[in-house]
Structure formats: C-alpha cells, structure tokens
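Listed below, chain by chain, are the residues.
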Amino acid sequence: MRQRDRRGIPVVPSNKVPLASGKTKVLLMRVGEQRQGVVGLFQPGLSGERSPGLSVRFMGINRSAIASYLVSLYCSLAVLTPDALAVLDDVEVGKFHEYAHTYR
C-alpha cells in the first residue's frame, strides 16, 4: 500500500473505507495536543525498542542465510475533544479542482 500526497495532504488508501460509484467517505482529523486534536500514545520500555513504540526482535537465520526479524509497532490514539474527528459522506473522488501553486 503506497501513501499518496495531494497538495500536501497525505492520502492513505484503505479497504476499510469503501469506494462505490465514484464516491467514498473521508475521515478528517485535527492532530496535535496543542490543537486539542488526536495524539499518538506509545508504550515505553519495550524489549528490543528502537524508537518509541517500535520493537525489533531477531528471529533467526534460515538455511539460505536469510535473517528474519519481527518488527512490531505498539501505538494507540487518543481523541482529546469530540470535534477532533469528522466524516465526510458521499465525496466524489473523480472530480477535483486543480489549484495554481502560487502559495508555499
């Protein structure tokens, strides 16, 4: 699954949000603690921790001398206020307006 970027906004395809007749739903999130949005929570002190919430464990080497690792990400989300999330229904994905890139 490849992440796409449209005018600076990440678009992550998912089979959890259906696409039918050229229409779909869009989940909107305001992120950040200062903006009273959605924040990520990571479990500290994991065995094999490489960064917050990311654990890497060596699983072994097979007969072809290929090493195997188990990579796990442990994280949760906290919604700080109810209006930090919204859903747009019946969004037409085949039609859009192309804006001139005059801002930076």
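These figures come from a predicted structure and were not determined experimentally.

> Sorry, what's going on with the overall build of the chain here?
Helices and strands together make up the secondary structure of the chain, namely 0 helices and 9 strands. Start at the N end of the chain and walk to the C end: the helices and strands fall as β-β-β-β-β-β-β-β-β. Counting all 104 residues of the chain, 12% fall into the buried class. The long-range fraction of contacts in the chain, counting pairs at least 24 apart against all pairs at least 6 apart in sequence, stands at 51%. On the chain, roughly 9100 Å² of surface is accessible, and the fraction owed to carbon and sulfur atoms is 56%.

> Where do I start with the sheet that holds strand β7 (residues 67-73) in this structure?
What holds strands together in a sheet is hydrogen bonding between their backbones, with the strands either parallel or antiparallel. The sheet built from 3 strands is open, its strands ordered β5-β6-β7 with antiparallel pairing. One side of each edge strand has no neighbouring strand; the edge strands of this open sheet are β5 (49-51) and β7. With direction set aside, neighbouring strand axes in the sheet form an average angle of 35°. In this structure, β5 lies alongside strand β6 (residues 54-61), joined through 2 bridges in antiparallel fashion.

> Can you walk me through the confidence of the model for the chain in this structure?
Low pLDDT means the predicted atomic positions in that stretch should not be read closely. Taken over all residues, the pLDDT of the chain has a mean of 79, while the share at 70 or more is 80%. Mean pLDDT values over the elements of the chain span from 48, in strand β1 (residues 4-6), up to 91, in β6. Every residue in residues 1-6 is under pLDDT 50, and counting partners more than four places away or in other chains gives 14 contacts.

> In this structure, what is going on with a nonpolar patch on the surface? I would like to understand it.
On the surface, Leu27, Met29, Val31, Leu77, Val79, Leu85 and Val87 cluster together to form a nonpolar patch covering roughly 650 Å² of accessible area. Those elements that place two or more of their residues in the nonpolar patch are β3 (23-29), β8 (75-79) and β9 (85-92). Here Met29 shows up in strand β3.

The rules behind the values
- Residues numbered from 1 in each chain as written.
- Predicted model: local features only at pLDDT ≥ 70, side-chain atom pairs only at ≥ 80, totals over all residues.
- Heavy atoms only, no water.
- Helix = DSSP H or I, 4+ residues; strand = E, 2+ residues; numbered from the N terminus.
- Buried < 20%, exposed > 50% of the residue type's maximum accessible area, 1.4 Å probe, protein only.
- Contact = heavy atoms within 4.5 Å.
- Areas by Shrake-Rupley, 256 points an atom, 1.4 Å probe, with all protein chains shown as cover.
- Pairing = 2+ DSSP bridges.
- Axes fitted to C-alpha atoms, helices over the stretch in contact; angles between N-to-C directions.
- pLDDT = per-residue confidence, 0-100.
- Patch = residues over 30% accessible without salt bridge, like charges linked within 9 Å, V, L, I, M, F, W, Y side chains within 5 Å.
- Salt bridge = Lys/Arg side-chain N within 4 Å of Asp/Glu carboxyl O.

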